[in-house]
Amino acid sequence: LTQLLGVRILGIVCPDGPTRVTRFCLMQKEVTLLNVMRQKAKQGESYLEQLPMVVDSTIMAQSSTSLRSSPKKKVNQNDDLIKNAAMNAAMKTVSLVSNRALPNEQEAQYQAFFAYGVFDQKLEAKALSSVMEKYQRRVKPNEDKKDDLVYSFRAFFQGFTLSFVDAEPSEIAVVSLKNVDISAKWNKIRSQTATIRASIGFLQVDNHCPSAPFPVAVRPNEKMDENEYDGDELKKSNENSQVPFLLVALTFAPEHSSGITCFEQVKISPKDVSIAVDLAFIVRVQRYLLGIQEHFDSCSTSETSYGYGGLVAYSESRQVWPAPNLVKIFEDVEYSAAIGVGVGCQKNYFESLIFLPCKVNLSVAPARALTSVQSLLEGTDAAAIHAAVRKGDLLVKGASNPGLLGVKIGSKNRTALSVIRGVFKSIVVDALLRCESAVLVFPGIAFNNHNSNTQQLTTHLAAHYLAAFRGNLPALFGSLSAFGNPVGLIRGLGDGVSDFVSEPIKGLKKSVAELDPIFALDGVARGTGSLARHTVGSIAGSASLLTETLSKNMAVLTLDRKYAQRRDRKSLDREGGNFVEGVGSGGVKFFKGVMDGVTGVYRAPMRGAEKRGVEGFAKGVGKGLLGLLVKPVIGLTDAATDVMIGVKGSVECGGGGLKLRGTRRVQQIRPRRALYGRERALRSYNIADASASLLMMKTRLAGERFWSQHDLGNRVVLLSVRRLVVLDWSCNEIQTVKFKYVKSFEARKIPIPDGGSQWAAVIYLRVSRRDGGQVAVISCQYKEIAVELCTQLKRGIAASAAYSQSHS
């Protein structure tokens, strides 16, 4: 053992990514051998000479004895194994010392600090110089500042608006992002901490599909009671509105020599969100995304006029962007994950990984069928999707459906069994896929000193949120409209009880602070009123959902599809109102239900006979008699629904006290985009044109393609591809001019009754109007407006004539 006297074990505390660790390394140190040390070493050598014999005899004894040995023998065997391991380590160390393979103290420090070198190998000079260079760069970074660069980046965008237009074309969704803030900071040699921070202040997704039950699909869930007693709750709500919708903050530790990406902190903070969608909107958005994927696939495989596949960026410069092959990208990622290489298998270390909890307020509805006018503008495919969803013809992902959710288009119920099956399917889909304000709670998750790769982390997070979703299933089923939303009823009663207790306490605190007892009395009154309003409003809302579900399903039982679709479209105007309006509307609907049942007895056979003769007449008689029994009952349930909605509206908006929580209505960011001409051309967004296009759907121009609009102050001119209509301030039609009857037109001054003159667009007609005149005059305030109106009129007439000639 005299050769081991100069061997030392060096322990050094050094950084390992974001943490500090202690690494141990053998080293050779020069020592002076005293007589005492020599004597102790010789005693150790005599002891070690006996160790192999002990170990060998122990091993031989193990082979000759049975497996059943006493605990004392097992302890002795473990001791012998430990002695054997110590002897082997000592012999190997002696061999390293003899071969001069152990590093000195300085080299051992570098090895321990950077974890370089092998136990039985000495670092080469080149490797040692590289280690020393990195050591100096880490330990003394100030000496290498001239070679280092610090990068800092920040981008702040006040907002984005993304418009999704399908192939029809038709705008189906608008995504609005506000206060988008992205910042990053890092240095070149990655010897310092690097940070990345991205936040989205506000996000809203608008559903622009016609007859959408929920105009806003995604938005932050901000509940604010506008009539709070004091400013505390309002202040808290304002502070909550300043919290970003989504915050992602990444803090990277200095680059680690092992190649493992080390994060000091990862924080993802989502805000509570409200999601309200219908199935037709989901299917159309999915169809839009699949269309983009197909377009990329076709561009990557087809040959363009420039010699290779790609997306043409600028036709003038003939610049071509190669289209990404999305399928190949995903296949490569899956293959890399399967064989254990690639980005998904990159090892990561997280000192702190935090996902904050969030709540999702979910509302789902099947869909509403489109009117004939809406079908003309949306296209046959979109109309078929809405009709199929309303019938319940849904498909899950499979060979015939590449998406997660699909519809079966064009199915018809030709037999009695298929009719019964279709009715049952429609009722079940409507009952199971219509929920009202289901609150889904997703708890947060936190890791400390966690090692994993991207694939493992993704699997763990997916399992966590899947388990959380399973825990929310009772709340989801309890929020179904078919059951009257009992969870919402209980939540409303709980809010009322909470206000009944908290409002008097707030009033008492205010009274003590202000030395005025009126605040305490006001608090008691407000708490009692809130309890009454929440109780009555919640019960009325639950009852209205039950009666609405009953009437909707009974409308399916009439086997009159047009009648059911007409009821769906009229239900759009049910929201709001008070008790008096609800009673009046309910009485009208009850009377209409009786009249529909009576008149259907003779109208249904007549319509059936006109379409299919005797067979249609027989089916019409059956539908008429069935409607005579069911439609009056539907009218009665519709009346009860309107009365309950009126009661709820009265307690929400009346009384001057606390409003029901979460009753603030939200609006879309902007009106739906206007598309121009017969080809529905896409132009830059204009809010005036969008508002005019929306207004045009309420006039006789509904269903015609939009062309232009002009604001005349107290009047507005709407131009379609066939004619123009002038509306007054109350949207009443003043005059209408068809383009095919226009002979000529001009912008000029005309006399007015007070003796002056004003500019106007004068239109000369080919035929006489109902009043006998052949001139239409549209007075304008300024010359520019009259000239621009005539210009648009000229373009519209030319486009209409060209379209007529091409289709003649």
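In every chain, residue numbers begin from 1 and rise along the written sequence. In keeping with the predicted nature of the model, local features appear solely for residues at pLDDT of at least 70, side-chain atom pairs appear and are counted solely at 80 or more, and the whole-chain, interface and lining totals rest on all residues. The basis for every side-chain value is the complete set of non-hydrogen atoms in the structure, without hydrogens or water.

## So, the overall build of the chain
Going by this rule: Each helix corresponds to a stretch of at least 4 residues labelled H or I by DSSP, and each strand to a stretch of at least 2 residues labelled E; elements are numbered beginning at the N terminus. Classification of residues uses two cut-offs on accessible area relative to the type maximum, computed with a 1.4 Å probe and protein chains only: under 20% is buried, over 50% is exposed, and between them is partly exposed. Working rule for contacts: check all heavy atoms of both residues, and any pair within 4.5 Å makes them a contact.
Scanning the chain for helices and strands turns up 18 helices and 24 strands. Going through the 808 residues of the chain one by one, you find that 39% of them count as buried. Partitioning the intrachain contacts of the chain with sequence separation of at least 6 by distance along the chain shows that 64% fall at a separation of at least 24.

## A look at the pattern of salt bridges
The following threshold applies: Each salt bridge in this description consists of a side-chain nitrogen of Lys or Arg and a carboxyl oxygen of Asp or Glu lying within 4 Å of one another.
The final tally for this structure, using the stated rule, is 17 salt bridges. One salt bridge connects arginine 284 with glutamate 378, and the closest N-O pair in it is separated by 3.1 Å. With a gap of 94 residues between them, arginine 284 in helix H6 (residues 279-301) and glutamate 378 in helix H8 (residues 372-378) connect regions that are remote in the sequence. The buried category is assigned to arginine 284, whose relative accessible area is 2%. Taking the shortest distance from any N to any O, the salt bridge between arginine 722 and glutamate 704 comes out at 3.5 Å. On the criterion of sequence distance, the pair formed by arginine 722 in the loop between strand S19 (716-720) and strand S20 (723-727) and glutamate 704 in the loop between helix H17 (687-696) and strand S18 (706-711) is long-range, its members being 18 residues apart. On the basis of relative accessibility, which here comes to 9%, the residue glutamate 704 falls in the buried class. A cluster of three or more residues bridged by salt bridges with shared partners is formed by Asp166, Arg284, Glu378 and Arg672.

## A short note on a positive patch on the surface
Selection criterion: For patches, a residue must show more than 30% relative accessible area and have no salt bridge; joins then use 9 Å for like charges and 5 Å for nonpolar side chains, namely Val, Leu, Ile, Met, Phe, Trp and Tyr. For accessible areas, the Shrake-Rupley method is used with a probe of radius 1.4 Å. Any residue's cover is judged against the shown protein chains and nothing else. His is not counted, nor are the chain ends; Lys and Arg add positive charge and Asp and Glu add negative charge. We put the charge of a Lys on NZ, of an Arg on CZ, of an Asp on CG and of a Glu on CD.
Where like charges cluster on the molecular surface, the positive patch consists of Arg561, Lys562, Arg566, Arg603, Arg607, Lys611, Arg612 and Lys623. Within the residue set of the positive patch, elements represented by two or more residues are helix H15 (561-570) and helix H16 (579-653). A per-element tally of the positive patch places H16 first, with 5 residues. Inspection of the secondary structure puts arginine 561 in helix H15.

## So, the environment of serine 199
Relative to the assigned elements, serine 199 resides in strand S5 (residues 194-207). Note on serine 199: relative accessible area 8%, which makes it buried. The sequence separation of serine 199 and proline 244 amounts to 45 residues, and the corresponding C-alpha distance is 6.4 Å. In this structure serine 199 touches Asn179, Val180, Asp181, Pro244, Leu246 and Leu247, once residues within four positions along its chain are discounted.

## Structural notes on the packing of helix H13 (residues 486-514) against helix H14 (residues 518-557)
Each pair of packed helices can be summarised by the angle the axes make with each other and by the distance between the axes. To keep it simple, the criterion reads: Interaxial angles span 0 to 180 degrees and are taken between N-to-C directions of axes, which are lines fitted to C-alpha atoms, for helices over the stretch in contact. Roughly parallel covers angles under 35 degrees, roughly antiparallel covers those over 145, roughly perpendicular covers 65 to 115, and oblique covers all other angles.
Taken N-terminus to C-terminus, the directions of H13 and H14 make an angle of 170°; their axes are 7 Å apart at the nearest point. The pairing of H13 with H14 is recorded here as roughly antiparallel in orientation.

## Concerning the sheet that holds strand S23 (residues 757-765)
The test is simple: Strands pair, by our definition, only if DSSP identifies at least two bridges between them.
Taken in spatial order, the 3 strands line up as S22-S23-S24 in an open sheet, and their pairing is antiparallel. Looking along the sheet, the strands with just one partner apiece sit at the ends: strand S22 (742-751) and strand S24 (775-779). On average, adjacent strands in this sheet sit at an angle of 25° to one another, irrespective of strand direction. Bridge analysis of S22 against S23 gives 9 bridges, and the strand direction is antiparallel. Residue pairing in the sheet places serine 744 in a bridge with tyrosine 764 of S23.

## What about the side chain of serine 452?
With respect to the helices, strands and loops of the structure, serine 452 is situated in strand S17 (residues 445-453). Residue classification places serine 452 among the buried positions, given a relative accessible area of 7%.

## Topic: unusual backbone geometry
Phi is mostly negative for residues that are not glycine, and the peptide bonds are mostly trans. Cis geometry is adopted by the peptide bond preceding proline 169, which originates at glutamate 168 and carries an omega value of 5°. Counting through the fold element by element, proline 169 comes out in the loop between strand S3 (150-165) and strand S4 (171-187). With a phi close to 60°, serine 211 is a non-glycine residue in the positive phi region. Tracing the chain through its elements places serine 211 in the loop between S5 and strand S6 (216-220). Accessibility expressed as a relative area gives 11% for serine 211, which makes it buried. Here serine 437, not a glycine, exhibits a phi torsion of approximately 55°, which is positive. Turning to its location among the elements, serine 437 is positioned in strand S16 (residues 435-442).

## Describing the sheet that holds S19
Strand order in this open sheet of 4 strands is S18-S19-S20-S21, and the pairing throughout is antiparallel. What marks the edges here is a single partner per strand, and that holds for S18 and strand S21 (733-738). Geometrically, the sheet is characterised by an average inter-axis angle of 15° between neighbouring strands, direction not taken into account. Two elements, S18 and S19, share 5 bridges in a ladder whose sense is antiparallel. Each bridged residue has a counterpart across the sheet, and for glutamine 709 the counterpart in S19 is leucine 718. Along the sheet face, H17 touches S18, S19 and S20 and points at about 110° away from the line of S18.

## Notes on the nonpolar core
Where we set the bar: The criterion is simple. A nonpolar core is a set of buried Ala, Val, Leu, Ile, Met, Phe, Trp, Tyr and Cys residues joined through side-chain atoms within 4.5 Å.
Within the largest apolar cluster, 34 residues are counted, with the highest numbers of intra-cluster contacts made by Leu203, Val205 and Phe281. Elements with a minimum of two residues in this core: S4, S5, S6, strand S9 (273-278), H6, strand S13 (358-365), helix H9 (380-391) and S16. Discounting residues that sit within four places of it in the chain, leucine 203 has contacts with Ser176, Leu177, Val218, Arg219, Pro220 and Phe245. Ranked by size, the runner-up nonpolar core spans 20 residues in total, among them Ala761, Ala776, Cys780 and Cys790.

## Considering H17
As a reminder of what qualifies: Read the arc as the range of directions from the helix axis to the C-beta atoms. Polar contact is the term for a pair of N or O atoms within 3.5 Å; when the atoms are in protein, one must be able to donate a hydrogen and the other to accept it, and sequence-neighboring residues count only if both atoms are side-chain atoms.
Listing the buried residues of H17 in full gives Asp689, Ala690, Ala692, Ser693 and Met696. The buried side chains of H17 occupy one side of the element, clustering within an arc of 165° when seen end-on. Of the residues in H17, the exposed ones pointing more than 90 degrees away from the buried face are Ile687 and Leu694. Here the buried face of H17 lies against S18 and S19. Where H17 starts, the residue carrying a side-chain oxygen 2.9 Å from the main-chain nitrogen of alanine 688 turns out to be asparagine 686.

## Things to note about the packing of aromatic side chains
Rule in force here: Only centres within 6.5 Å qualify two rings of Phe, Tyr or Trp (six-membered ring in Trp) as a pair; their planes then separate them into stacked at under 30 degrees, edge-to-face at over 60, and tilted for everything else. Lysine NZ or arginine CZ positioned within 6 Å of the ring centre and within 35 degrees of the ring normal marks a charge as sitting over the ring.
Within the structure shown, the criterion is met by 7 aromatic pairs. Seen in terms of ring centroids, phenylalanine 252 and phenylalanine 263 are 4.7 Å apart; in terms of plane orientation they differ by 40°. Their pairing is tilted. With a gap of 11 residues between them, phenylalanine 252 in strand S7 (residues 246-252) and phenylalanine 263 in strand S8 (residues 261-270) connect regions that are remote in the sequence. Here phenylalanine 252 and phenylalanine 263 have matching classes, each one buried. With a centroid separation of 5.0 Å and 5° between ring planes, the pair formed by phenylalanine 263 and phenylalanine 350 is classed as stacked. In this pair, phenylalanine 263 sits in strand S8 while phenylalanine 350 sits in strand S12 (residues 347-355), placing the two residues 87 residues apart along the sequence. One exposure class covers both phenylalanine 263 and phenylalanine 350, and it is buried. Among the aromatic residues, ring-to-ring pairing joins Phe252, Phe263 and Phe350 into one connected group. Here lysine 178 stacks its cationic end above the ring of phenylalanine 202, 5.2 Å away from the centre of that ring. Here the guanidinium or amino end of arginine 683 rests over the ring plane of tyrosine 676, the centre of that ring lying 4.2 Å away.

## Observations concerning the confidence of the model for the chain
As a reminder of what qualifies: The pLDDT value tells you how sure the predictor is about a given residue, anywhere from 0 up to 100.
With 72% of its residues at a pLDDT of 70 or more, the chain has an overall mean of 76. This model gives residues 51-72 a pLDDT under 50, and the stretch forms 8 contacts once residues within four places in sequence are excluded. Low confidence marks residues 655-664, where pLDDT is under 50. Its contacts with residues over four positions away, or in another chain, come to 31 contacts.

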